[in-house]
Structures are given as C-alpha cells and as structure tokens.
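Per-entry structural report
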Amino acid sequence: MAAINSNFLKLKAGYLFPEIARRVKAYSEANPAMAPRIIRCGIGDVTEPLPPAVVNAMHEGVEEMANRETFKGYGPEQGYEFLRQAIVDHQFAGLGISADEIFVSDGSKCDTGNILDIFGKGNVIAITDPVYPVYVDTNVMAGNTGAADDKGAYAGLLYLPCNAENGFVAAVPETKADLIYLCFPNNPTGAVATRAQLEAWVRYARETDAIILFDAAYEAFIQDPAIPHSIFEIEGARDCAIEFRSFSKNGGFTGVRCAYVVIPKTVTGQAEDGSRVPLHQLWSRRHSTKFNGASYPVQKAAAAVFSEQGKQEVAALIGHYMGNATLLREACTELGLPVFGGENAPYVWVGCPAGLSSWDMFDKMLNEAQVVITPGSGFGSAGEGYFRISAFNSRENVREVCRRLKALVA
Ligand code: MLT
C-alpha cells in the first residue's frame, strides 16, 4: 500500500484557472453557436507573437544544436553564464547582485512553489489576500496549513487583507511571520508598492528575522519611474529577500518557459541546531538535484530579450498590453464601477456591479457577453465582490470586450 500525501485532500476543488477553463468548456458545449464569440480575458496569458529578436536567437540556438561542432548536451543546472550575466547587467546593474546568485528555471510558477523545499516546518507563512493561488496551494501541499474554512481560508496561514482602503498593499503585520509572499506589481489587483512601503517590509523582515519571497514577474509593466522594479533596490533586502522573475509576460514566454530566481548569498535561514545557513547553498543543491536546466535554444532566446533590438520589441509589446489596460480601465470607469490596477500592471481589478458576487459576475459575463474574466474570490476571500480583467489580448478583442461590458452593465 502506498500512502499518499494527505495534504492534497485539503485543497479546495480545482486550481482556479483549470476550473475556469472547465466552466468555459461546459458553456461552449451547451451553446455551440456562441462558442466562436468567446473572448478570453481570464488567465493572464500573452497573445502576441514572440519578438523577432527572440525568434532569431531561438533559431540560431536550434541550428547550433543541429551541428556536431556546436551541439550541446546537458547545460549547467543554474543556467548558462551568458544568460545569468545578461540578467545581472540589464536587470540588476548597481544592485550588488552577481551572476552566480541567479538561478535560471522553466517558470516562476514552479519556482514560487518549489522554493518551499528549502524551508522547514513550523514557519509562520504570511500571504496577502487576494493572492496568486500558487502560493497558498503549494503551502497546503507542503503541509504548512490546517484545513480550509467555508470561505477557503486555511488554518495556520497569516492572511494579510488587501482592500480598497489600503490600496491593495498590505501593511506589515503586528505579529511575527517567518516567510512573507509579496507580489508587485500585484497579481491579481494590479497594485504597486511604493519605495516607502517596500522599505517598511524590508525593515520588518530584518527586525523579525523573516524572509521575503518577492514575485516580480510583472515588473516590466511598471510605468511610474518612482516605483521600484526589484526588492533589491531597497537597502538591506540582500539580507532578507529572494526575488522571482520571469520572461513569460515581458518576452511573451508563457509557452516557451524561462524564468529565474535571485538568491543573494547573504540571505540565511536557521538550522535545527541554531546555526545560520545560506539559502543560496540549499537552493543550489536543490536545483542541481531536481532540475537539469532550461533548454539551450530557450536560454539563447531569453538572452535576446536584453539585446538592443529585443529591448525595443519588448517595450512595444508592453506598450501594446498597457494600451489595452487603459481602454479596459476607461470602460469600467465610465460604467461607474470601482477600478484599480491597470496603470503599472497588465491586470485591471474591478468592483462588481451592485448585488453581484465575483462568480455571479463571471457567469453573467460568460453567459450574456461571452467574455471570460477571473472572479476575484478565486484569489481569496478578500477578493469577493471583485473581478479581474487581463489586458493580454489583441487590441481588437479588447475594444470588443469594452463594447460588450458597456452593453451588459450600463
Ligand atoms: C494569472 O492569470 O494569474 C497568471 O497567468 C498565472 C500565471 O502566470 O501562472
């Protein structure tokens, strides 16, 4: 008999996005005539093709693999030096991060989940609410929580409510946390944290000996020059933070897969005997044991994001998606709905029309307008009464979504 990890049995129904896909499929099968009209603004998946600089680099990588002289087998698990160095030069210049503190991977979803491998039991885990569900579910799987209540909140997690009053940026808690998940620009609310707010978090982490897990997958969408892109822009963060970055949303790599984790060698945790151990050392060991590196053509392609041509093309992509976000914000504002985000992030976070819950709004949008959104309550109980619209789409589709929203809600 093989015993299972019973923590999985505590998980609530399905993971949010497969659950949405299931409902959309059911609707399409029941209403085949309407299916072609469906516009998907649910999952934050890019729609525009890869930048030409990326495509050319990937072709070159494939060509190298096709020739005996340039063929490559296993690469370094932590990533090729050319990519790690390009990341440092173009994303962390002047922030004291070195190439061997970068760990290239195949995605931030995996990284933010896998990071729990290096932490022990009994940590107090602080999670904002609403939140990217991966942080919660991976802690449930790891046995770091009790059961969920009827609102989906798990016993044992320290929830930090984010709401219109605090601008969807959680204040530091009154009590002690050991691991803190922060995501800025935020998924799902599109909120950004100011330098002062991040300074408060770093101060808290240093004073209480906590670790900040900082998800910066959407940093490329920041338009306001005063907003930090990296937690390492904050003094002291090198002692208490790990950062997650991705090529998914800037370079359009959701289907290509490439991301990285930044772990300064100065961040430590405590072993059972009370000694301090660098988290870098643990993650390096974990990465080499459980991962064999992102593929060579993919890493070549990722490095091309930082070429002059690549930077221009990525800026154009970001401009396109942020143009969509502006249109969506305007349409929802015109309808008199409370609108957040969408200014430094590709997500617009909107209050539901009076009397509708998040899932009511999801169903109404799907059934009456054939538009897929994400119900705010799917990100946590504090998301109830909100819905998220993803700005990842063609301009034509976004204009059509705005028209349908106005017809539906007005
Ligand atoms: C989202 O829609 O929240 C994102 O696409 C999820 C992800 O990046 O995994």
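Rules used throughout
Residues numbered from 1 in each chain as written. Predicted model: local features only at pLDDT ≥ 70, side-chain atom pairs only at ≥ 80, totals over all residues. Heavy atoms only, no water. Helix = DSSP H or I, 4+ residues; strand = E, 2+ residues; numbered from the N terminus. Buried < 20%, exposed > 50% of the residue type's maximum accessible area, 1.4 Å probe, protein only. Polar contact = N/O pair within 3.5 Å; in protein donor to acceptor, adjacent residues only side chain to side chain. Contact = heavy atoms within 4.5 Å. Near = heavy atom within 4 Å. Areas by Shrake-Rupley, 256 points an atom, 1.4 Å probe, with all protein chains shown as cover. Nonpolar A, V, L, I, M, F, W, Y, C, P; charged D, E, K, R; others polar. Domains from an automatic or database assignment. Salt bridge = Lys/Arg side-chain N within 4 Å of Asp/Glu carboxyl O. Phe/Tyr/Trp six-rings, centres within 6.5 Å; stacked < 30°, edge-to-face > 60°.

1. Topic: the side chain of serine 246
- Summarising the element assignment, serine 246 is placed in strand S7 (residues 241-246).
- Since its relative accessible area comes to 9%, serine 246 is described here as buried.
- A polar atom in the side chain of serine 246 sits 2.8 Å from the backbone nitrogen of serine 248.
- Dropping the residues within four chain positions of it, serine 246 is found in contact with Ser108, Ala217, Cys258 and Ala259.

2. What to know about the site of the ligand
- Near the ligand you find Phe17, Ile43, Gly44, Tyr132, Asn187, Tyr218, Lys249, Tyr347 and Arg388, and these make up its full shell.
- At a separation of 2.8 Å, an oxygen atom of the ligand approaches a polar side-chain atom of asparagine 187.
- The separation between an oxygen atom of the ligand and a polar side-chain atom of lysine 249 is 2.8 Å.
- Contact with the protein chains removes 86% of the 270 Å² of surface that the ligand exposes when unbound.
- Looking at the shell around the ligand residue by residue, the class counts come to 5 nonpolar, 2 polar and 2 charged.

3. Looking at helix H8 (residues 296-304)
- Within H8, 9 of the 9 residues are buried, leaving the element largely enclosed by the surrounding structure.
- Residues of H8 that are buried: Tyr296, Pro297, Val298, Gln299, Lys300, Ala301, Ala302, Ala303 and Ala304.
- On its buried side, H8 packs onto helix H2 (52-65), helix H3 (81-91), strand S2 (102-105) and helix H9 (308-334).

4. Description of the domain arrangement of the protein
- Taken domain by domain, the protein comprises domain 1 (11-48 + 309-409) and domain 2 (54-307).
- Inter-centroid distance (C-alpha atoms) of domain 1 to domain 2 is 25 Å.
- The partner domain 2 presents 42 residues to the 33 residues of domain 1 that form the contact.
- Run the count over domain 1 and domain 2 and you get 0 salt bridges.
- Applying the counting rule to domain 1 against domain 2 returns 15 residue pairs in polar contact (both at pLDDT 80 or more).

5. Some thoughts on the packing of aromatic side chains
- Summed over the entire model, instances satisfying the criterion amount to 24 aromatic pairs.
- Where tyrosine 80 meets tyrosine 296, the ring centres are 5.2 Å apart and the plane angle is 75°; that geometry is what we call edge-to-face. Note that tyrosine 80 is positioned in the loop between H2 and H3 and tyrosine 296 in helix H8, a separation of 216 residues in sequence.
- Overall, the relative accessible area of 8% leaves tyrosine 296 in the buried class.
- Ring geometry for tryptophan 349 and phenylalanine 379: centres 6.2 Å apart, planes at 65°, overall edge-to-face. On the criterion of sequence distance, the pair formed by tryptophan 349 in strand S12 (residues 347-351) and phenylalanine 379 in the loop between strand S14 (374-375) and strand S15 (386-390) is long-range, its members being 30 residues apart.
- Taken together, the aromatic side chains of Phe17, Phe168, Phe340, Trp349, Phe379 and Tyr386 make up a single cluster linked through ring pairs.

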